[in-house]
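# Descriptive structure summary
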Amino acid sequence: MLLERDDSLRALAEQAARAARGNGGTVLLAGEAGIGKTTLLRAFAAQQGAACRVLWGACEPLSTARPLGPLQDMAALLDDELAALLNAGAPPPRIFAMVLDSLQHASTPSVLIFEDVHWADAATLDLIRYLGRRLPALSTLLILSLRSDEVAPDHPLARLPGDLPAAALSHIKLAPLSAAAVVMLAQRVGRDGDALYRVTAGNPFFVTEVLAESGVAGAELPVTVRDAVWARLARLDAQERWMLDLISVIPGAVERALWTALRAEDVAAAERCIARGILVRDAAGALAFRHELARQAVLAQLAPEEQRHLHAHVLALLERHAPMVHASLAQLAHHAAAAADAQRVLTLAPRAAAEAAALGAHRQAAQQLETALRFVTQAPAALAAQLYQDWAYEAGLSVRIDDAVIAARHQSIALWRGLNRGDKVGHNLRWLSRLHWYRGDGRQAEDYADAAVRELEALPASAELAMAYSVRSQLHMLHDRFELAIEWGERALALAEQVGDLETRVHALNNIGTAQLSATDSDPSGQAKLEQSLRLALAHGYHEHAARAYTNLGEHAVAFKDFARAERVLEEGVAFDRRHDLEVWIHYLVGCQAQLRLEQGRLHEAETMAQRIVAMTTLSAVERLPAMCGLGKAQARLGIGSGTDVLQEALQLALTTAEPQRTVPPRLALVEAAWLVQDTVACVAQLSALAAMTDACLDPWECGELAVWCQRLQMRRRVARARSAQQIPEPWAAELRGDPAAAATAWMQLGMPCEAALALLQVRGAGAGAALAQALRLLEPIDAQALITRLRGLARELGVQAALPRRRYGPYRAARAHPLGLTRRELQVLRLLADGHGNRDIALRLSRSPRTIEHHIASVYAKLGVNGRIELLLRLQSEPWVLAATAATAAPPEK
């Protein structure tokens, strides 16, 4: 019996009907464990009948998630060729395209059900994004079930809704049964309904388990789901218990071919368990517990030694009956590890890791290799060395860059040296260079790079040597030694061509392109090389190289004020990095996005975005520096927090890298921060340090900023030197020519209101009052309080206060009053989002364009520190005061 689910069932049916008309979409079906998601979906599937084909797949609580698990479950039913591609380990783009083609050419509408996506791997989430964006043009409905209590704000799934088209996304959240429904069920078997409701809180699975216990009416109620399941188990015979024990160590469903191959008495016991309602059999004959909670309760009764024996038995069954029984490498590795079978783990886990990495699931790859390393003492030296090497790579991409990763590289080097494998030693020395660079250890990074070249040059020409040359090129580029970067990069390209090494070509093109773009006489062909590097990396699955290309393209676009390109590249880069578990690169790019918002005058957004990264104190120096510069400068302009302290910390970290690209931005930001509080001594100290640097250390925009600040502070000799160094971009050049009003116009054409206001603050004479009034009109809407304070002080010094408009207390008064800095309009948008309205509906209700609403939503996400609607709703659920503050300050609306 399906109680209190009519509305949810009707909503699913409406979405299926809409999909049948060629307007597909995605449904997120959420609720706590045991709330009845699977029961609802089974009822929905039965209701659909022959109107559409319903395909099921599930994610499982394996020790390491099965890549593309739901798709593997349904692949053979979707398309035979798709199943073959999956078995062959084809790259995700080919697999996804085949799925899409199968759905496009299906003779009947399709419903794809992915259960328990809170356990999904990165590749499955990537597939959901891929399909979700294309479903509006298909006769396909994608239903995703998830446990809402397992999706924390930092869970990868929390960001998913923001990546899907809002118009084709619907949410269904299942609530517990009401007290009336529980009482009705209890009365049928003579139980106390009120007591049952108090114990179960209306959780349908818990209620069912308690009522299934055939004890005497009025007997003491179990206080947990586990107690209820154990009470049922106590009435089973030994054969039934053994069968349940065996199945409890298998997450997910047990294929029919596997359980029917057991002894006749075991099969008979399974049938009895089905009849008792403890196990269920699906349409394909697969066997599973009626709910995952029941499986976990049975598993919890088993002693560790019993579990090991059962896992070993399952592993033997899976391997004995292959290929009749399909088991993924992740499943086999899971059982091998749980059985403590070292040799099988050492064979299976590295293969499972390679499969996961090929699909972009680098976090899962690192977990598989970490499992293998638990048994490394029983591995041959060559395998042990490779495990340390591969784990260091995957963990460094997806998890962290810490002492453990560096220690793994050293372990690998020691083992390879013992095996006389100089090529492998050189490979790991090169990676130690990269790791120390990430940590901000510039000197050690160069030392390890040199050591790698020496090691490999003693051997025949190889791809490893070509890549070592390219790493030398990269370090020269990072230290602004652009001629050397190009020279070593071309040497790497030549050797890569000789030995047929595409990966080094991708890496070297990135170095050369970045160096050419960043050099004093900027070469526009560098852009083409960087884009070629990105195309090749994407086409050939070089995930880290693609991430580096996105980073260099995006960072250059921000620095050189090409904001349209920066928006596109950074957004694509963050999405790519998230899809492939490249956490290190995500943190860096979010810092770049914060700097972009800072340049655009979106100060609160910049501060919120940067704050989230800076708060992660375990990140490496390089990961945190862009965010620290953005945070410190935003706080200095807003007049909040401790922006100067953050910038000082950023400068100290940057100095350890010995890279001008890291040290120049915090110094320039500290100049402005000191000027805002009229600390001329601090301004001069930073400007003197900058002026002492060689000309090649500053790009044209930095050179112009240095020259202008020297002029503002009347450091004439340094102005002349800075002006002669490079071709100064027009906004800075205009102020250097003595025309700050023209400079302000140029800044506004670029979309940089803070810089425009700073230029207007330099106007003197008869036009000073009008210029300051214009600057104030630029600064008030973006809440740049420190700049406004400096402006008003300057107006008093110049005697032009009367030219300034009266103080305004408009929308940003609400923003200053709200604890999260939300404007009235943003508060209105937040309430509508919380009520489930989509972008188009919000635009209609507030009489604004969809584009404007998108900007408001992006600002709300940034200020609340969330990355999508699920994450937003989760935060509102856990912190109801946010909406309470919204209600208190949302009216009247802005004019």
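Just above, that's the structure.
Residues numbered from 1 in each chain as written. Predicted model: local features only at pLDDT ≥ 70, side-chain atom pairs only at ≥ 80, totals over all residues. Heavy atoms only, no water.

## Side note on the overall build of the protein chain
Tallying secondary structure elements over the protein chain gives 47 helices and seven strands in all. When the 895 residues of the protein chain are sorted by exposure, 59% land in the buried category. Nonlocal contacts in the protein chain, meaning residues at least 24 apart in sequence, comprise 65% of its contacts between residues at least 6 apart. Of the roughly 35,600 Å² of accessible surface on the protein chain, a fraction of 52% belongs to carbon and sulfur atoms. Measuring between centres, the 93 positive side-chain charges of the protein chain sit 6 Å from its 98 negative side-chain charges. (Helix = DSSP H or I, 4+ residues; strand = E, 2+ residues; numbered from the N terminus. Buried < 20%, exposed > 50% of the residue type's maximum accessible area, 1.4 Å probe, protein only. Contact = heavy atoms within 4.5 Å. Areas by Shrake-Rupley, 256 points an atom, 1.4 Å probe, with all protein chains shown as cover. Lys, Arg positive; Asp, Glu negative; His and termini not counted. Charge placed at Lys NZ, Arg CZ, Asp CG, Glu CD.)

## As for the packing of aromatic side chains
Per the counting criterion, the structure on display carries nine aromatic pairs. Between Tyr-438 and Trp-585, the aromatic rings sit 6.2 Å apart at their centres with planes inclined by 80°, giving edge-to-face as the arrangement. Highlighted residues: Tyr-438 in helix α21 (residues 422-438) and Trp-585 in helix α29 (residues 583-599), separated in sequence by 147 residues. On the basis of relative accessible area, Tyr-438 is assigned to the buried category, the value being 5%. Under the relative-accessibility criterion, Trp-585 is labelled buried at 5%. One Lys or Arg, Arg-434, reaches over the ring of Tyr-438 and ends 4.9 Å from the middle of that ring. The ring of Trp-675 carries the charged tip of Arg-790 above its face, separated from the ring centre by 4.3 Å. (Phe/Tyr/Trp six-rings, centres within 6.5 Å; stacked < 30°, edge-to-face > 60°. Lys NZ or Arg CZ within 6 Å of the ring centre and 35° of its normal.)

## Let's talk about the packing of helix α7 (residues 179-188) against helix α8 (residues 193-200)
Describing two packed helices takes the angle between their axes plus the distance from one axis to the other. α8 packs onto α7 with a crossing angle of 125° between their chain directions and a minimal axis gap of 8 Å. Relative to α8, the element α7 lies oblique. Every pair of crossing elements has a handedness; the one defined by α7 and α8 is right-handed. Across the interface between the two elements, Ala-179, Val-182, Val-183 and Ala-186 from α7 touch Gly-193, Asp-194, Leu-196 and Tyr-197 from α8. Grouping the constituent residues of the contact of α7 with α8 by class yields six nonpolar, one polar and one charged. (Axes fitted to C-alpha atoms, helices over the stretch in contact; angles between N-to-C directions. Parallel < 35°, antiparallel > 145°, perpendicular 65-115°, else oblique. Left-handed = near helix turned anticlockwise from the far one by under 90°. Nonpolar A, V, L, I, M, F, W, Y, C, P; charged D, E, K, R; others polar.)

## With respect to the side chain of Arg-147
Relative to the elements of secondary structure, Arg-147 occurs in strand β4 (residues 140-147). Classification of Arg-147 as buried rests on a relative accessible area of 5%. Those residues within four positions of Arg-147 in sequence are excluded, and the remaining contacts are Gly-31, Ala-33, Lys-37, His-118, Trp-119, His-291 and Glu-292.

## Some points on helix α45 (residues 850-864)
Taking 1.5 Å per residue, 15 residues should reach 21 Å; α45 reaches 21 Å between its end C-alpha atoms and fits that length. Of all the residues in α45, the buried ones are Ile-853, His-856, Ile-857, Ser-859, Val-860, Tyr-861, Ala-862, Lys-863 and Leu-864. (Expected span 1.5 Å × (residues − 1).)

## Describing the pattern of salt bridges
Opposite charge on two side chains makes pairing possible when the charged atoms of those side chains draw close. Applying the stated rule across the entire model yields 35 salt bridges. Arg-344 is the salt-bridge partner of Glu-319, the closest N and O atoms lying 2.3 Å from each other. Placement of the pair is Glu-319 in helix α15 (residues 304-320) and Arg-344 in helix α17 (residues 342-358), with a sequence separation of 25 residues. On the accessibility criterion, Glu-319 (32% relative accessible area) is partly exposed. Residue Arg-344 is classed as partly exposed on the basis of its relative accessible area of 25%. Among the ionic pairs, Glu-735 bridges to Arg-712, the shortest N-O distance being 2.8 Å. Residue Glu-735 is found in helix α37 (residues 730-736), and its partner Arg-712 is found in helix α35 (residues 700-712); the two are separated by 23 residues along the sequence. Exposure remark for Glu-735: the relative accessible area of 3% places this residue in the buried category. (Salt bridge = Lys/Arg side-chain N within 4 Å of Asp/Glu carboxyl O.)

## Things to note about the packing of α8 against helix α9 (residues 204-212)
For the pair α8 and α9, interaxial distance at closest approach is 9 Å and the crossing angle is 130°. By the angle between their directions, the pair α8 and α9 is classed as oblique. Crossing geometry of α8 relative to α9 is assigned as right-handed. Counting all contacts with α8, which are made through Leu-196, Val-199 and Thr-200, the residues of α9 involved are Phe-206, Val-207, Val-210 and Leu-211.

## Things to note about the environment of Ala-286
Positionally, Ala-286 belongs in the loop between β6 (279-281) and β7 (287-289). It is 50 Å that separates the C-alpha atoms of Ala-286 and Arg-417, two residues lying 131 residues apart in sequence. Excluding residues that lie within four positions of it along the chain, Ala-286 makes contacts with Ala-253, Val-254, Glu-255, Arg-256, Trp-259, Val-280 and Arg-281.

Note that every value here comes from positions in space, so none of it alone points to a role or purpose.
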